[in-house]
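Listed here are the chains, written in short residue letters.
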Amino acid sequence: MGKVILDSFGLYSDEIIVKEKLDPFLVSISNQYFKTTLYHNSMHGADVTQSLCLYFLNSNAEEICQSLVLDLLGILISALGHDLGHPGLTNPFHINSSSELAITYNDVSCLENFHASKLFRTIRNPDTDIFGKLSVQDYKTIRKRMIGNILATDMANHGKIMTVIKSRISINKAENKTKFELLSGNEKTKFEEQQSLFDYLIHAADLAHNTKLFNISLKWVELLSEEFWLQGDKEKSMNLPVSFLCDRDSYNIPQSQVGFIKGFIIPTFDCLVDIFPTLKFTMDNAKTNLKKWEKLVCKGRLKGWTPEKTKQVNYKKKMILFSAISSISENNNNNNIRVPIRKSGNVNSLSHALQVKKENENENNKENSQNEKNDKRNKDGKNKMVRPNIIMKSKNHDKKINLHRLQKFK
Ligand SMILES: [Zn+2]
């Protein structure tokens, strides 16, 4: 998937990356996610990257940012590796337990610093050094960009990210701008101004499952809840304070989702639509999901989600590395899904992919290393899940052409 995405943006080029190292790099990234972590695994990394791609492909984000090619490369690679090596335990757990990570990173964005560090260790490895052709200055610049991107995925930074982006939206409205403008024109602050939008976009993509169709979002919510609850069980066994949302005995999923969508998702994606009106479908889905969760709160319970029922399910054994697509394509080795990208209209990410997949089942398929790996896993019986290869490509290749026009790093 990583290679196809980079290619869709015109980034799979000898001028930009060391092409022969991309496959080993992507395999290494995938392998560094823990298969035993229920939510923060490689599927989440792929899902966030896919959401981010949708934002870029269906908006004029790169024009607003006056992006350079390597800005885009940086944020896409950041998304792929933004939760690398996630152990399924939150920052508060690390801080409360005085873990190795908390000590190493002085309690500040412990996990996010760890993910960024792991990603750059991979990039520094001679076998997987996809940035090997960059000059020292370019490398320093993209590294700064990417560290910022990954640190932006710490929920503790939500308020800061939103304040900056809301203030920019307010300035635009006060000046009666018909289109969102990001840059003030001051060259000295340009990098930080661009970074503020990149940080906001990756943060939004990290929360994006709440803006997908309800049945898809529900599965992510279920996995995340169980990951939290396993942490709560661990905290209880270690006599640590049980972290917020982590007590399976008192947690109410619909109620919690209503609070989260109202408090975080709606404000976040409201801004996204303010900036990029073509992404309105994300808000539409979020509002629909909110109504569905509210109905479930009214019912007082959700079938199958009582604490007693949850305890019976061994999620680690089931290893639900689901995707919306795989739910209809399990045991099908031809999982390439072509997702045509439109500049406007209701491009509804995975739901659209499902529809298009049916239409394009007999189209030419590309096999990549991830599929081969999955085939092997399936043969070994270690992982019954077949991961989809999501192909995102513009029919007109407009994006690719535009991106090639972008100025490169000097
Ligand atoms: Zn994440």
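No experiment lies behind these values; they were computed from the predicted model shown.

## Some remarks on the overall build of the chain
Inference 1: Scanning the chain from terminus to terminus reveals 20 helices and 2 strands.
Inference 2: Counting only residues that meet the buried cut, the chain has 42% of its 410 residues in that class.
Inference 3: Sequence separation of 24 or more characterises 76% of the internal contacts of the chain that already satisfy a separation of 6 or more.

## Concerning the confidence of the model for the chain
Inference 1: When pLDDT is averaged along the chain, the result is 79, and 72% of the positions lie at 70 or above.
Inference 2: The low-confidence segment residues 306-410, where pLDDT is below 50, has 145 contacts with residues more than four positions distant or belonging to other chains.

## Digging into helix α2 (residues 22-32)
Inference 1: Those residues of α2 that sit buried are F25, L26, I29 and S30. Projected onto a plane normal to the axis of α2, the buried residues spread over an arc of 130° and lie on a single side.

## Digging into the environment of P254
Inference 1: Mapped onto the elements of the fold, P254 is located in helix α13 (residues 253-275).
Inference 2: Residue class for P254 comes out buried when judged on the 20 C-beta atoms lying within 10 Å of it.

## As for the environment of C65
Inference 1: Structurally, C65 is set in the loop between α4 (61-64) and α5 (69-81).
Inference 2: Among the residues examined, C65 registers 23 C-beta atoms within 10 Å and is labelled buried.
Inference 3: Remark: the alpha-carbon pair of C65 and L182, spanning 117 residues in sequence, is separated by 6.6 Å.

## Looking at the nonpolar core
Inference 1: In this structure, L52, L73, L76, L201 and A205 are the most contacted members of the largest nonpolar core, which totals 67 residues.
Inference 2: Formed by 7 residues, the second largest nonpolar core is a distinct cluster that contains L38, W220, L223 and I253.

## Here's the deal with helix α12 (residues 214-237)
The α-helix winds at 3.6 residues per turn, so residues separated by three or four positions along the chain end up facing the same way.
Inference 1: Over its 24 residues, α12 runs 34 Å from end to end, which matches the ideal 34 Å to within 8%, given 1.5 Å per residue.
Inference 2: The positive-phi residue at the C-terminal boundary of α12 is N239, with phi of around 55°.

## Side note on unusual backbone geometry
Inference 1: For N106, which is not a glycine, the phi torsion comes out positive at approximately 55°.
Inference 2: Within the element layout of this structure, N106 appears in the loop between α7 (100-104) and α8 (110-124).
Inference 3: Look at L245: it is not a glycine, yet its phi comes out positive at around 75°.
Inference 4: Counting through the fold element by element, L245 comes out in the loop between α12 and α13.

## Here we look at the packing of helix α3 (residues 42-57) against helix α11 (residues 190-206)
Inference 1: At a minimum axis separation of 8 Å, α3 and α11 run at an interaxial angle of 130°. Taken as axis vectors, α3 and α11 run oblique relative to one another. Judged by the sense of rotation from one axis to the other, the crossing of α3 with α11 is right-handed. Along the contact surface, α3 presents V48, S51, L52 and Y55, while α11 presents L201, I202, A205 and D206.

## Let's talk about the packing of helix α10 (residues 158-174) against α13
Inference 1: Contact geometry of α10 with α13 gives a least axis separation of 11 Å together with a crossing angle of 35°. Seen from above, α10 lies across α13 with left-handed handedness. Within the contact between the two elements, α10 uses H158, M162, I165, K166 and I169 and α13 uses F264, P267, T268, C271, D274 and I275.
Inference 2: Classifying every residue of the contact of α10 with α13 gives 7 nonpolar, 2 polar and 2 charged.

Thresholds, definitions, all that
- Residues numbered from 1 in each chain as written.
- Predicted model: local features only at pLDDT ≥ 70, side-chain atom pairs only at ≥ 80, totals over all residues.
- Helix = DSSP H or I, 4+ residues; strand = E, 2+ residues; numbered from the N terminus.
- Buried ≥ 20, exposed ≤ 12 C-beta atoms within 10 Å, placed from the backbone.
- Contact = placed C-beta atoms within 7 Å.
- pLDDT = per-residue confidence, 0-100.
- Arc of directions from axis to C-beta.
- Core = buried A, V, L, I, M, F, W, Y, C linked by C-beta atoms within 7 Å.
- Expected span 1.5 Å × (residues − 1).
- Axes fitted to C-alpha atoms, helices over the stretch in contact; angles between N-to-C directions.
- Parallel < 35°, antiparallel > 145°, perpendicular 65-115°, else oblique.
- Left-handed = near helix turned anticlockwise from the far one by under 90°.
- Nonpolar A, V, L, I, M, F, W, Y, C, P; charged D, E, K, R; others polar.

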